[in-house]
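One letter stands for each residue in the lines below.
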Amino acid sequence: MINFKYEISKLINETLDEPIKELEQYIEIPKDKLNGDYAFACFRLAKTLKQSPNIIAKQIYDKINKTAEIIDDIQIIGGYLNFYINKKLLVKEVLTEIENKKIDYGKQNIGKNENIVIDYSSPNIAKPFHIGHLRSTVIGGALYRIYKFLGYNSIGINHLGDYGTQFGKLIEGYKRWGKEYDIENNPIDELTKIYIRINELCKEDEKVLEECRNNFKKLEENDEFCIKLWKKFKDLSLKEFEKVYKLLGSEFDSYNGEAFYADKMEEVIDLLEKSGKLIESQGAQIIDLEEKNMPPCIIKKTNDSTTYATRDLAAILYRIRTYNFKKALYVTSYEQILHFKQIFEVAKLLGIEERYVERLEHVPFGMVQLKSGKMSTREGNIIKLEELLNEAINKTLQIIKEKDTNLTIQEQKEIAKKVGIGAIIFNDLSNSRIKDEIFDWDTMLNFNGETGPYIQYTYVRTNSILNKVEDLPKIEEVDFNVLINNEEIEVIKLLYSYKMIVETAAQKNEPSIVSRFLIELSKKYSAFYNESKIMTENKNIQNARIYLTYATNLVLKSAANLLGIEMPTKM
Ligand code: ARG
């Protein structure tokens, strides 16, 4: 497919002696359509050419080939050259490309199958899977698919929180009162209760605390009984988490959590010792980071046990060796910004190549708030994720039932699942990730808002139009020259931009770029739909508009799938 930016750069390159690749970078897409489809900002050349932008613009304009096929018009405004591209060519290019590539339209191989490690979801065993983990799961999953679409080999890692002193406590609590709790059927809730209870007891009785510490020590030393219990907690918790993953369609390539690094931390400590930077402070082993304006990174606590940070350092070493990654992303809330800054800094002391340290990237996101206030507290009142997802499905089912549709009960249920889950996912991804998110049912389930259901609804609309024709017209027989209305061109332009959209989303690790695109495309398509009759007497026009609908249908589905949203065919 024609790369208009590149072609315009080529035209400019014929008028002056600057490399095409560089010129391409100076081309912008004007905010205001009146300023053309592309604008070349001449001030970017002012320094090298030692001339004012206005003069440069004039010189290029005088020399440039104004009759090139790719453009309809060029205009000068101050130091800018505005290019109006050949719309007919654009329409033909985009629709032909979509016809050829179908659902693979927009796919690229810039990743050359290199590995991208994405650490996401990563809930803690025996603790509730909270709404923050949901965001991590949704954002990480979207990035996983976006990178795949670009030809990278994405590797999804669920870095489970399955290690640490709290397991010593859980084991102690279970030893004492295990029989009183139904952990088989309701593991997370019951284990949480045990945990709270044993914590209380520890506060009262120093000896119990000592027992807990002992248990953890035994766990580290592979004591059979402790390992058995730990495994039981882990398996039961995972079974709970899987329910959420199943509803969301999440998959991971590895479940190597913190415990996996138990025998790999010794090396980290050795390396840090060798670096000469590991120092003792109040009985703990730390790396001082004052020079970097950060609190110290604790490698070993006073009681000799390792930390979350130590395990992350071991994980860095392991992931470099195992995956030789192009990038390693960590998707967590912004509460962990400091943690990752610290470990990325300390990683430099592990003797690994600089380029690997540079490839580590924290991808933070904002908190979730209920419209009515806080989402959860430490004391309980925690919203269970599985229940939340099921509530989304039920609420959607209610909405569907109220509508006058002739869907079977079975169909209604299937649709409610796609729409309910889609609404939650879309809500999570609709704004730039760092922003705090407001969780409000009415907003996210509004079929006319900037929501998942709205996009799905638009998709269903394209489907029902396509169902009206028996066969899609043959592309050779379609006269694309009839697509000239503003609304039609706007849709085409968005379809054209899809490839760049996905690329930018990956560059910024920002799935919201794709979700905004979906909203734009849905809106522009709806405008087209409201403005123009698709089924008309004029078969020429009808065929072209059907084709436009078909192309929109494919791209809506492709982009939604990148985010993890399934599209219903009816609604
Ligand atoms: N388990 C942690 C939490 O719930 C998140 C782990 C993120 N990944 C990592 N490699 N530190 O907060």
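Values in this document were obtained by computation on a predicted structure and should not be read as measured data.

### A few points about the packing of aromatic side chains
Within this structure, the stated rule accounts for 25 aromatic pairs. Between Phe260 and Tyr318, the ring centres sit 4.9 Å apart and the planes meet at 75°, which makes this aromatic pair edge-to-face. Of this pair, Phe260 sits in the loop between α10 (224-248) and α11 (265-274) while Tyr318 sits in helix α12 (residues 308-323), and the two are 58 residues apart along the sequence. Judged by relative accessible area, which is 27%, Phe260 ranks as partly exposed. Judged by relative accessible area, Tyr318 falls into the partly exposed class, the value being 22%. Ring pairs connect the aromatic residues Tyr120, Phe129, Phe241, Tyr245, Phe252 and Tyr255, which therefore count as one cluster. Above the face of the Tyr61 ring, Lys66 is positioned so that its terminal group lies 4.7 Å from the ring centre. One Lys or Arg, Arg359, reaches over the ring of Tyr356 and ends 5.2 Å from the middle of that ring.

### A closer look at the layout of surface pockets
Considered as a void within the structure, the second largest pocket measures approximately 1,400 Å³ in volume. Forming the walls of the second largest pocket are 32 residues, and the residues nearest its centre are Lys5, Ile29, Tyr38, Ser497 and Met500.

### Remarks on the side chain of Asp312
Here Asp312 is to be found in helix α12. Within the buried set, Asp312 has no salt-bridge partner at all; the shortest N-O distance to an opposite charge, 5.4 Å, is to Arg319. Engagement of the side chain of Asp312 in a polar contact is seen with the side chain of His339, the distance being 2.8 Å. Residues in contact with Asp312, not counting those within four places in the same chain, are His159, Tyr330, His339, Phe340 and Ile343.

### Details of the nonpolar core
Counting 191 residues, the largest nonpolar core has Phe40, Phe83, Leu313 and Ile316 as the members making the most contacts within it. If you tally residues by element for this core, the top one is helix α21 (residues 539-563), at 13 residues. Those residues in contact with Leu313 that lie beyond four places of it in its chain are Val268, Leu272, Ile299, Ile343, Val346, Ala347 and Leu350.

### Description of the sheet that holds strand β10 (residues 327-333)
Strand pairing in a sheet is mediated by backbone hydrogen bonds. Such pairs are either parallel or antiparallel. Ordered by their spatial adjacency, four strands build an open sheet running β6-β5-β10-β11, and the pairing between neighbours is parallel. Edge strands, defined here as strands with exactly one partner in the open sheet, are β6 (153-157) and β11 (360-365). Averaged over all neighbouring strand pairs, the angle between strand axes comes to 20°, with direction disregarded. Inspection of the sheet shows strand β5 (residues 115-119) paired to β10 by four bridges, in the parallel sense. Counterpart to Ile116 in the pairing with β10 is Lys327. Against the sheet, helix α6 (residues 131-149) contacts β5, β6, β10 and β11, and its axis sits at roughly 155° relative to β10. In the packing of α12 onto the sheet, the strands contacted are β5, β6, β10 and β11, and the crossing angle to β5 comes to about 155°.

### Details of helix α20 (residues 512-531)
Helical geometry note: an α-helix holds 3.6 residues per turn, so side chains three or four residues apart project in the same direction. Taking 1.5 Å of rise per residue, 20 residues should cover 28 Å, and α20 covers 28 Å from first to last C-alpha, within 8% of that figure. For α20, every residue scored as buried is listed here: Ser512, Ile513, Val514, Ser515, Phe517, Leu518, Ile519, Leu521, Ser522, Tyr525, Ser526 and Phe528. In this fold, the buried residues of α20 make contact with α6, α16 (409-429), α18 (452-468), α19 (486-507) and α21.

### Points about the sheet that holds strand β8 (residues 284-287)
Across the sheet, three strands lie side by side as β7-β8-β9; this open sheet has antiparallel pairing. Two strands close off the open sheet at either side, each with one partner strand: β7 (278-281) and β9 (297-300). The sheet shows a mean angle of 45° between the axes of neighbouring strands, taken without regard to direction. With three bridges connecting them, β8 and β9 associate as antiparallel partners. Note on β9: the bridge partner recorded for Gln285 is Lys300.

### Things to note about the site of the ligand
Every residue lining the ligand is accounted for by Asp119, Ser122, Asn124, His133, His159, Tyr308, Asp312, Tyr330, Thr332, Gln336 and Phe340. Within the contact set of the ligand, a nitrogen atom lies 2.7 Å away from a side-chain nitrogen or oxygen of Asp119. At the level of secondary structure, the elements contributing two or more residues to the shell around the ligand comprise α12 and β10. When grouped by side-chain class, the residues that make up the shell around the ligand number three nonpolar, six polar and two charged.

### Some words on the side chain of Thr396
Summarising the element assignment, Thr396 is placed in helix α15 (residues 385-402). Since its relative accessible area comes to 0%, Thr396 is described here as buried. Excluding anything up to four places from it in sequence, Thr396 contacts Ala416, Val419, Gly420 and Leu445.

So, how was this worked out
Residues numbered from 1 in each chain as written. Predicted model: local features only at pLDDT ≥ 70, side-chain atom pairs only at ≥ 80, totals over all residues. Heavy atoms only, no water. Phe/Tyr/Trp six-rings, centres within 6.5 Å; stacked < 30°, edge-to-face > 60°. Helix = DSSP H or I, 4+ residues; strand = E, 2+ residues; numbered from the N terminus. Buried < 20%, exposed > 50% of the residue type's maximum accessible area, 1.4 Å probe, protein only. Lys NZ or Arg CZ within 6 Å of the ring centre and 35° of its normal. 1 Å grid on protein atoms, 1.4 Å probe; cavity = no way out; pocket = protein on both sides within 12 Å on 5 of 7 lines; lining within 4 Å. Points joined across faces, edges and corners; volume = space filled by probe spheres on them. Lys, Arg positive; Asp, Glu negative; His and termini not counted. Salt bridge = Lys/Arg side-chain N within 4 Å of Asp/Glu carboxyl O. Polar contact = N/O pair within 3.5 Å; in protein donor to acceptor, adjacent residues only side chain to side chain. Contact = heavy atoms within 4.5 Å. Core = buried A, V, L, I, M, F, W, Y, C linked by side-chain atoms within 4.5 Å. Pairing = 2+ DSSP bridges. Axes fitted to C-alpha atoms, helices over the stretch in contact; angles between N-to-C directions. Expected span 1.5 Å × (residues − 1). Near = heavy atom within 4 Å. Nonpolar A, V, L, I, M, F, W, Y, C, P; charged D, E, K, R; others polar.

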